[in-house]
Amino acid sequence: MRYCVVGGGFSGAIVARHLAEKGRQVLLIDERAHPGGNCHTERDASTGVMVHRYGPHIFHTADRRAWDYVRRFGTFHPYINRVKAVSQGKIYTLPISLLTINQFFGTTMGPAEARRFIAGKADRTITEPRNFEEQALSMIGPDLYRAFFYGYTRKQWGIEPAELPASILKRLPVRFSYDDNYFTHPWQGIPEAGYTAVIRNILSVPGLEIRLGARFEDIEEPFAHVFYTGPLDRFFGFRNGRLGYRTLDFERFEGEGDYQGTAVMNYCDETTPWTRISEHRHFAPWENITSGRTVCFKEFSRLSGRNDIPYYPIRLVDEKKMLGEYLSMARATAGVSFLGRLGTYRYLDMDVTVSEALSACDLINQTLESGQQL
Ligand code: UDP
């Protein structure tokens, strides 16, 4: 019997390749017309710019194995994400750095002075932050929190930051230096030919059949084992309810030349309905496109409806309970392994997805070597 992999993002592609390399026959299905999941990239027909179809993706990692793995399947150009932000009528740099602090407060402080200054603003009564807002107030105080996080987060998540987990804010550093790299990982890059080309290369192996435009629900073939990277609740027919996601709407627009001078501009005020504008030619500086038409996307976040693409797992209290139920159902389902952002309902960056898929491959090896069934 063949093995089935549901979903052609990083998780599915890596596991499918591994099984095929181990001599197994594999069917990989994806309901979209392209592999690559939400990392999918394609050349914009009208401008020729390589576009990250489901929003900006920058590969960044501290896991050498994940970094070495992805680079086997495409050339990655070094790329540093330097995010700019509009707040209260001015432009700043993000993450919060010495430059942001000095610009915002109109000061010329050095690192030690700024550290003391921000410590004086931080709410020291909060010793164990219980949510996003407390985390922000205890780290940077109310002024920077209001200017850069409160409005943006309400737009991004649709709820008060006090209802969100502190872990979301912990994704972002606060720096007392002029380092404006959005990420802290040692290896950061974007594939020259786009992510879809990388994933197609991963999938290019004998013994692997790829069926696009196919829904798992419609496949009747029996399989030796299924590796499922689709939405966890959907696998169980939503029988315990729907896990909440935020979805994104992108408003595409074109311009002449350079629209905003940078790849990502965040809009932190609530008076602007979008969260950010991405100008995709800046994600591929090596292409050296400096003139001609440019293409940008305004990004709007909202609660995901039934027919929307799920992006960010919300993981509020209600969802956590439901998630617990689905996870125990998943554990009790023989013959199926659940992987990836959607399969495990977690806010995963690409590198974590790759690392976890490689660990799943290790587990497959151990199981097969011990002569057991997967
Ligand atoms: N965030 C914010 N203002 C910004 C950028 C981020 O308030 O200008 C908050 C927001 O809640 C977001 C979280 O920080 O969800 C994590 O940001 P990150 O850039 O990691 O979000 P992603 O790129 O995954 O959308």
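Per chain, residue numbering runs from 1 following the sequence as it is written. It should be noted that, the model being predicted, local features are given only for residues of pLDDT at least 70 and side-chain atom pairs only at 80 or more, the latter also being counted only at that level, while totals for whole chains, interfaces and linings use all residues.

If you look the protein chain up in an unreviewed UniProt entry, it shows as FAD-dependent oxidoreductase from Acetobacter musti.

Chemist: How would you summarise the overall build of the protein chain if you had to cite specific residues and measurements?
Modeler: Helix and strand counts for the protein chain come out as 10 helices and 17 strands. The globule rule is 2.2 Å times the number of residues to the power 0.38, and the radius of gyration it is compared with is taken over C-alpha atoms. Computed over C-alpha atoms, the radius of gyration of the protein chain comes to 22 Å, within 12% of the 21 Å expected from 2.2 N^0.38 for 374 residues, which places it in the range of a compact globule. By its C-alpha atoms, the protein chain is 70 × 50 × 35 Å across when sized along the principal axes. Our contact criterion uses C-beta atoms placed from the backbone: two residues qualify when those atoms are within 7 Å. Nonlocal contacts in the protein chain, meaning residues at least 24 apart in sequence, comprise 74% of its contacts between residues at least 6 apart. Here a strand is any run of E in DSSP of at least two residues, a helix any run of H or I of at least four, and the numbering for each starts at the N terminus.

Chemist: Outline the pairing of strand β15 (residues 293-303), listing residues and values.
Modeler: Strands are labelled as partners when DSSP assigns at least two bridges between them. One ladder, built from 11 bridges, connects strand β12 (residues 245-256) with β15; its direction is antiparallel. Across the sheet, the residue bridging to F253 is C296, located in β15. Where strand β14 (residues 276-279) meets β15, 4 bridges bridge the pair, whose relative direction is antiparallel. Residue R276 lies in a different strand from β15, and its bridge partner there is E299.

Chemist: I'd like a rundown of the sheet that holds strand β11 (residues 225-228), residues and numbers included.
Modeler: Pairing is parallel in the open sheet, where 5 strands are placed in the order β10-β2-β1-β11-β17. Sheet topology places β10 (208-212) and β17 (336-338) at the edges, where each strand pairs with a single neighbour. Ignoring which end each strand starts from, the neighbouring axes of this sheet average 15° apart. Fitted lines through C-alpha atoms give the axes, limited to the stretch in contact for helices. The angle between two N-to-C directions lies from 0 to 180 degrees.

Chemist: If you had to explain the site of the ligand to someone new, which residues and values would you point to?
Modeler: Within the structure, the ligand sits among 13 residues, and F149, Y152, T153, R171 and N266 are positioned closest to it. Of all the elements, helix α5 (residues 132-157) adds the most residues to the shell around the ligand, at 5 residues. Amino acids outside the nonpolar list (Ala, Val, Leu, Ile, Met, Phe, Trp, Tyr, Cys, Pro) and the charged list (Asp, Glu, Lys, Arg) are all regarded as polar, and Gly is one of them. Class assignment of the residues belonging to the shell around the ligand gives a composition of 9 nonpolar, 3 polar and 1 charged. We call a residue near a molecule or strand when the C-beta position, derived from backbone atoms, sits within 6 Å of it.

Chemist: Residue-level account of the confidence of the model for the protein chain, with values.
Modeler: The quantity known as pLDDT measures the predictor's confidence residue by residue, on a range of 0 to 100. On average, residues of the protein chain score 96 in pLDDT, and 100% of them are at 70 or above. The complex model carries a pTM of 0.96, and its ipTM stands at 0.97.

Chemist: Lay out the pairing of β14 with the relevant residues and their values.
Modeler: Residues R276 and S278 line one face of β14 and the alternating positions I277 and E279 line the opposite face, and both faces are buried. One ladder, built from 3 bridges, connects strand β13 (residues 264-267) with β14; its direction is antiparallel. When the bridges of β14 are listed, V264 appears paired with S278. Think of it as a crowd count around each C-beta: if 20 or more other C-beta atoms lie within 10 Å the residue is buried, if 12 or fewer it is exposed, and in between it is partly exposed, with C-beta placed from the backbone throughout.

Chemist: An account of the nonpolar core is requested, with residue identities and associated values reported.
Modeler: For soluble globular proteins, the rule of thumb is that nonpolar side chains tend to be buried together. We define the nonpolar core as any set of buried residues of the types Ala, Val, Leu, Ile, Met, Phe, Trp, Tyr and Cys, connected via C-beta atoms lying within 7 Å of each other. Core analysis: the largest hydrophobic core is formed by 57 residues, its most contacted members being V5, F10, V15, A16, V26, V70 and V354. Broken down by element, the residue count for this core peaks at 7 residues, all from helix α1 (residues 10-21). In contact with F10, other than residues within four places in its own chain, are G37, C39, I199, M350, T353, V354 and A357. Within the second largest apolar cluster, 24 residues are counted, among which are I96, L137, L144 and Y267.

Chemist: So what about helix α6 (residues 195-203)? Which residues, and what values?
Modeler: By the burial criterion, the buried members of α6 are Y195, T196, V198, I199, I202 and L203. Considered in projection along α6, the buried side chains sweep an arc of 155° and stay on one side of the axis. The secondary structure elements touched by the buried residues of α6 are α1, β2 (26-30), β3 (41-43), α2 (64-71), β9 (187-191) and β10. Comment: arc refers to directions from the helix axis out to C-beta atoms.

Chemist: Explain the domain arrangement of the protein chain residue by residue, including any values.
Modeler: Here the protein chain is partitioned into domain 1 (3-41 + 193-242 + 315-369) and domain 2 (83-171). For domain 1 versus domain 2, the separation of C-alpha centres amounts to 36 Å. Where each domain starts and ends comes from a domain assignment, either automatic or drawn from a database.

Chemist: Any chance you could break down helix α3 (residues 98-105) for me, citing the residues and the numbers?
Modeler: All buried positions along α3 are accounted for by L98, T100 and I101. One face of α3 carries all of its buried residues, which in axial projection span an arc of 165°. At its buried positions, α3 is contacted by β8 (90-94) and α4 (111-121). Just downstream of α3, G106 is the residue with a positive phi angle, here 65°.

Chemist: Before we move on, could you go through the sheet that holds β9 and cite the residues and values that matter?
Modeler: Two modes of strand pairing occur in sheets, parallel and antiparallel, and in both the strands are linked by backbone hydrogen bonds. Overall, antiparallel pairing links the 3 strands, which are arranged β5-β9-β6 in an open sheet. Where the open sheet ends on each side, the last strands, each with one partner, are β5 (59-61) and β6 (76-78). Recorded for the sheet is a direction-independent mean angle of 35° between the axes of neighbouring strands. Here 3 bridges tie β5 to β9, and the two strands are oriented antiparallel to one another. When the sheet's bridge partners are listed, T61 is paired in β9 with W187. α2 contacts β5, β6 and β9 of the sheet and is inclined by roughly 150° relative to β5.

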